[in-house]
Protein chains: 2
Amino acid sequence: MADVKQTSTWLSLLSHRRLVGGLVLRELFDKDPHRFRRFSLEQEGILFDYSKNLITEDTVRLLLDLAREAGLEDWRARLFSGEPVNHTERRAALHMALRAPDQDWKAQGESVSEQVRTILARMERFAEEVRSGAYRGCGGESISDVVHIGIGGSDLGPRLVLEALASFADGPQVHFVSNVDGVELERALAHCDPRRTLFTIVSKSFGTLETLSNAEAARAWFLDSGAGEAEIGRHFIAITANTERAVKFGIDAEQILPMWDWVGGRYSVWSAVGLPIALACGMENFRRLLAGAAAMDAHFRDAPLETNMPVLLAMLGLWHIDFMGIGAHAVVPYTERLATLPHYLQQLEMESNGKSVDRDGNSVSYPTAPVIWGQTGTVGQHAFFQALHQGPQPVPVDFIGVASPTTRFDDHHDKLMANLFAQAEALMRGQSADEARALMARQGLKAGEIERLLPFRVFPGNRPSNVLLLDRLTPERLGALIALYEHKVFCQSVIWRLNAFDQWGVELGKQLADSLLPALREGDGLDQRDSSTRGLVEHYRAWRSQS
Amino acid sequence: MADVKQTSTWLSLLSHRRLVGGLVLRELFDKDPHRFRRFSLEQEGILFDYSKNLITEDTVRLLLDLAREAGLEDWRARLFSGEPVNHTERRAALHMALRAPDQDWKAQGESVSEQVRTILARMERFAEEVRSGAYRGCGGESISDVVHIGIGGSDLGPRLVLEALASFADGPQVHFVSNVDGVELERALAHCDPRRTLFTIVSKSFGTLETLSNAEAARAWFLDSGAGEAEIGRHFIAITANTERAVKFGIDAEQILPMWDWVGGRYSVWSAVGLPIALACGMENFRRLLAGAAAMDAHFRDAPLETNMPVLLAMLGLWHIDFMGIGAHAVVPYTERLATLPHYLQQLEMESNGKSVDRDGNSVSYPTAPVIWGQTGTVGQHAFFQALHQGPQPVPVDFIGVASPTTRFDDHHDKLMANLFAQAEALMRGQSADEARALMARQGLKAGEIERLLPFRVFPGNRPSNVLLLDRLTPERLGALIALYEHKVFCQSVIWRLNAFDQWGVELGKQLADSLLPALREGDGLDQRDSSTRGLVEHYRAWRSQS
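Quick notes on the rules
- Residues numbered from 1 in each chain as written.
- Chains lettered and ligands numbered in written order.
- Predicted model: local features only at pLDDT ≥ 70, side-chain atom pairs only at ≥ 80, totals over all residues.
- Heavy atoms only, no water.
- Helix = DSSP H or I, 4+ residues; strand = E, 2+ residues; numbered from the N terminus.
- Rg over C-alpha atoms; globule rule 2.2 N^0.38 Å.
- Buried < 20%, exposed > 50% of the residue type's maximum accessible area, 1.4 Å probe, protein only.
- Areas by Shrake-Rupley, 256 points an atom, 1.4 Å probe, with all protein chains shown as cover.
- Lys, Arg positive; Asp, Glu negative; His and termini not counted.
- Charge placed at Lys NZ, Arg CZ, Asp CG, Glu CD.
- Least-squares fit on C-alpha atoms with pLDDT ≥ 70 in both.
- Contact = heavy atoms within 4.5 Å.
- Polar contact = N/O pair within 3.5 Å; in protein donor to acceptor, adjacent residues only side chain to side chain.
- Pairing = 2+ DSSP bridges.
- Axes fitted to C-alpha atoms, helices over the stretch in contact; angles between N-to-C directions.
- Parallel < 35°, antiparallel > 145°, perpendicular 65-115°, else oblique.
- Nonpolar A, V, L, I, M, F, W, Y, C, P; charged D, E, K, R; others polar.
- Left-handed = near helix turned anticlockwise from the far one by under 90°.
- Phe/Tyr/Trp six-rings, centres within 6.5 Å; stacked < 30°, edge-to-face > 60°.
- Domains from an automatic or database assignment.
- Buried area = accessible area lost by both parts, 1.4 Å probe.
- Salt bridge = Lys/Arg side-chain N within 4 Å of Asp/Glu carboxyl O.

**Remarks on the overall build of chain A**
- Regarding its fold elements, chain A presents 23 helices and 13 strands.
- What you see for chain A is a C-alpha radius of gyration of 26 Å, in line with the 24 Å of a compact globule of 547 residues.
- Buried residues in chain A amount to 64% of all 547 residues.
- For chain A, the exposed surface amounts to about 17800 Å²; the carbon and sulfur share of it is 47%.
- Across chain A, the 57 positively charged side chains and the 70 negatively charged ones have centroids separated by 4 Å.

**Digging into the relation of the copies chain A and chain B**
- Of the transformation superimposing chain A on chain B, the axial component is 0.0 Å and the angular component is 180°, with the fit at an RMSD of 0.0 Å. Accordingly, the operation relating the two chain copies is best matched by a two-fold axis. Judged by C-alpha distance, A:Trp373 is the residue of chain A that lies nearest the rotation axis, at 3.2 Å.
- Most of the interface of chain A is mirrored in chain B: 100% of its interface residues are interface residues there too.

**So, the environment of A:Thr59**
Residue and element names in this part refer to chain A.
- Examined against the element boundaries, Thr 59 turns out to sit in helix H4 (residues 57-69).
- For Thr 59, a relative accessible area of 0% gives the class buried.
- Once you skip the residues sitting within four places of it in the chain, Thr 59 turns out to touch Leu 13, His 16, Val 20 and Trp 319.
- A distance of 2.8 Å separates a polar atom in the side chain of Thr 59 from the backbone nitrogen of Thr 56.

**Points about the sheet that holds strand E8 (residues 236-240) of chain A**
Residue and element names in this part refer to chain A.
- Strands sit in the order E6-E5-E7-E8-E9 across an open sheet of 5 strands; the sheet is parallel. The sheet is open, and its two borders are formed by strand E6 (173-177) and strand E9 (256-258), each paired with just one other strand. Each strand axis lies, on average, 20° off the axis of its neighbour in the sheet, ignoring direction.
- Of the strands in this sheet, strand E5 (145-149), E6 and strand E7 (197-202) are in contact with helix H9 (residues 183-190), which crosses E6 at around 160°.
- Helix-sheet contacts for helix H10 (residues 209-224) involve E5, E6, E7 and E8, and the interaxial angle to E7 is about 160°.

**Here's the deal with the packing of helix H4 (residues 57-69) of chain B against helix H15 (residues 309-323) of chain B**
Residue and element names in this part refer to chain B.
- Close contact between H4 and H15 brings their axes to 10 Å; oriented N to C, the two are set at 100°. By the angle between their axes, H4 is roughly perpendicular relative to H15. Here Thr 59, Val 60, Leu 63, Leu 64, Leu 66 and Ala 67 of H4 come into contact with H15, specifically with Val 311, Leu 312, Met 315, Leu 318 and Trp 319.
- Of the residues assigned to the contact of H4 with H15, the class counts are 10 nonpolar, 1 polar and no charged.

**So, the packing of H15(B) against helix H21 (residues 475-496) of chain B**
All names here are of chain B.
- Closest axis-to-axis distance for the H15/H21 pair is 8 Å, and the angle between their directions is 55°. By the angle class used here, H15 and H21 are oblique. Handedness of the H15/H21 crossing: right-handed. Across from Met 309, Pro 310, Val 311, Leu 313, Ala 314, Met 315, Gly 317, Leu 318, Ile 321 and Asp 322 in H15, the residues of H21 making contact are Leu 484, Tyr 485, His 487, Lys 488, Cys 491, Gln 492, Ile 495 and Trp 496.
- Across the contact of H15 with H21, the residue classes tally to 13 nonpolar, 3 polar and 2 charged.

**As for the packing of aromatic side chains**
- One pass over the structure, following the stated rule, counts 42 aromatic pairs over all chains.
- On the basis of an interplanar angle of 5° and a centroid distance of 5.1 Å, the ring pair of A:Trp260 and A:Trp262 is categorised as stacked.
- Looking at A:Trp260, the relative accessible area reads 11%, which means it is buried.
- Relative to B:Phe385, the ring of B:Phe384 has its centre 5.2 Å away and its plane inclined at 40°; by these criteria the two rings are tilted.

**Section: the domain arrangement of chain A**
All names here are of chain A.
- Here the domain parsing of chain A yields domain 1 (4-69 + 303-429 + 463-495), domain 2 (101-289) and domain 3 (506-546).
- Between the C-alpha centres of domain 1 and domain 2 there is a distance of 33 Å.
- Each side of the interface is counted separately: domain 1 has 22 residues, and domain 2 has 18 residues.
- Note on domain 1 versus domain 2: buried area summed over both sides is about 1900 Å², and carbon and sulfur give 62% of it.
- Inspection of the domain 1/domain 2 interface yields 2 salt bridges.
- Here Glu 476 makes a salt bridge to Arg 288, at a shortest N to O gap of 2.7 Å.
- At the junction of domain 1 and domain 2, the tally comes to 7 residue pairs in polar contact (both at pLDDT 80 or more).
- The set of elements that each furnish at least two residues to the side of domain 1 that touches domain 2 consists of helix H16 (341-353) and helix H21 (475-496).
- Residues belonging to the side of domain 1 that touches domain 2 are distributed by class as follows: 10 nonpolar, 6 polar and 6 charged.

Following this line, the structure appears as structure tokens:
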């Protein structure tokens, strides 16, 4: 199958799309009292309601035909069996092995579960020592703060999980440092006592510019406090695949946890990269997170496509992107505890599928990963929802909510959740001219004023959204939610014929930054660059020298 | 002019776009050594480089013709003269009056500058009292913490400014609470001693659900500490247009600062809504912020379109949206101090211009406000930049950087900024097959491997970006930067024939949430709703009752 756009199912979906284009969601709901039951399912304490998309049963059937035609079931089997689905780098993508360590997983034929169990046991021992206070800093005191230094996949996962599970945290305080601008590091260190602080440095190569710059600055700060070089070993942990470089940095070999080839950065929160989660919340909660993800893995692997949550989520996304022509997708969690989720999914989806060359090296002729963006509700309602409701371009939304309150402000919670359900309803229903007139009349407006304002108070409606409702925000549910999106992304990559597990697109900028750094520092080599780069760097140098 | 798409300039731009579509940016730079000088300008310490857009001098000329044809100069004059440009609500939009209080501004003929000066003087006195410690809480101690409660425009502005100007803050610690989920309030109160905490409650109507819920919870917390009702007056400040409701809440009439009809929520940081800025950074720095914005106002008002920064920024945006067909725009600040800027601009642009009915009440036939989104660099590089470089849909980027370091980690700064310039360069240049081959050969790859990986290591380039480089991150520069975007949004609204200053699209969700709340609490009225809303609320109620 060279071009998925030439398959009969793709063509059927195109003509089906023209039919569906004339449908009106609120009429579909009026006609079919079972629409919700038809288009929703529940798994691992997550209710997935996709009934407010512009779809019929035929749409779903055709989308699943497309998935089958693209070999989704076969690709899913290859993924789980540890084949090198990341073919450009000749690697498996077996993050699922981290979540079910009691099973026997093989990456390209080689058993990996034994080493996973070993590392989990090491994490457990270490987390317990630190949390119990048995582990002492160089001043003989227990550890009060952890500074986690990493960027991208080494940062976003632990950041998301610790924000989400704040109410489970009873260990040392974790601070995150990722950017190379110094602000984050400065903020983090302001809270820390060097003798009671542990640094976890995460970089697969132990050569990531941002991470190493921050790690070196952290080490200098630590040594400035009067600690000796020999004490770095007690205060710095590395999570890396490059032991040699970490040792050279000053980290004890026993204080190094591995990263594996068969786990990509954006799928690494389940590995030793998640150490700060174990430190803050305890290993039991980390294992609950893994178990939730493993349950979603089993569902994804075993359920038929028709009732498979990741598959349905993927195919509905694809419907909007490739058939409705919508290049953006909003994620709006109705809880501040998931405030980082839009950023996490932005990386997961856009770094995995933001590609335009298929696995055979051919240019694709269809849109792939949309722009993933969003903000928490109700905050977003007071910011960009105007455009969602009345902008000319519809944007599908994933609304995410939690049924149980996560704070003691119990009365707030019903208000929060009423807003979630109401927004999804409003996007779907809209407000007709008659309804707008009636509303304004109730508000006491005069007839002339009503007609003057009418066009501005009509809402077109018919705008698609999903709702994902979690019963509680526990480690298990969070694990399942993240795994749901991971598999969604994998399913889409299969239809788009992409390798979801490489990321060549981040390389060029790195090379150019390396080659540009001497120009910023010394003005070297600027005459080789275009006039814009030259002009910018010249301004930079002039302004910086004045400061 | 009923339809801007039928004007001769719009049609000329459409055919010009076909010409430009064949151009290659790196060739344009090769051919013209003056391209940077031609397509950049500097104003108020901000260098705006727009040379890396797919434009020629003809493009700019045609875009400015379009602006003139749409009456931009006339609309600009109407804006500054205080005419009711917000015609649906019959209000002026005169936030500029707040920034140049020594001039004589008129909103719909009525002088407003006297009251602006009065309020600034009141803010100044109050800020000085609090900062000096003369103002005492009910326990007789000075104020250590401010909890600012507001949402949308009442929140995003002060939040952005205080994050950006953290190094100027030497007063009480300000905490922000906006969402109604309780997490933010819980976090903020955990830091606060009730006897030393001031609450600033911001709501134009003093009836915003989120703000009132949080204000009431804050009051209960305050009273729980043993303080009496009579002491609320010392600890709660209101910024509102509804004095009556604020007084009823328990706030002293003298502790109420006004909000004015002629200042929209998303343009209100310059008003008394900015009080926490004055409390944390001092009134002098708040006035510097105003002065920076006023300087940009003067530039926007007086400069010819050809050298007018907001006009050029606006027309380039419009070029991408309406002629290149790109519905998203990324904002990537290379400093954590501006981490909130993408959210701020998301509201500013999408709430102002996320509309599809023009000022005469006709449906528009062209795309308007794009999805505004982003993350700080270099963080974004490790997340979504893959899609920017190699995704099938180009997304224009505004890169924002500061020449002077804002932290003591001086060595970090060159690395950070080298990345900014390199990313803009990489998007523009891309990497050809020959360059990719040469690179892989240098990396020691064998011929077969080079050919295998080649398609994945090519970057198409030719992707547009702007760079805004600030000399320093001072209150003046920040004021100018925000005002730049405000006027950009206004200019686009003129071409699109939109009223940028209303926001009817936020109403429907509010109404539906109000009507849905009894259903969540008591199950009332559910049979009136569609099966999805009903199913969701039923799940919610069942799950919530188990918790």
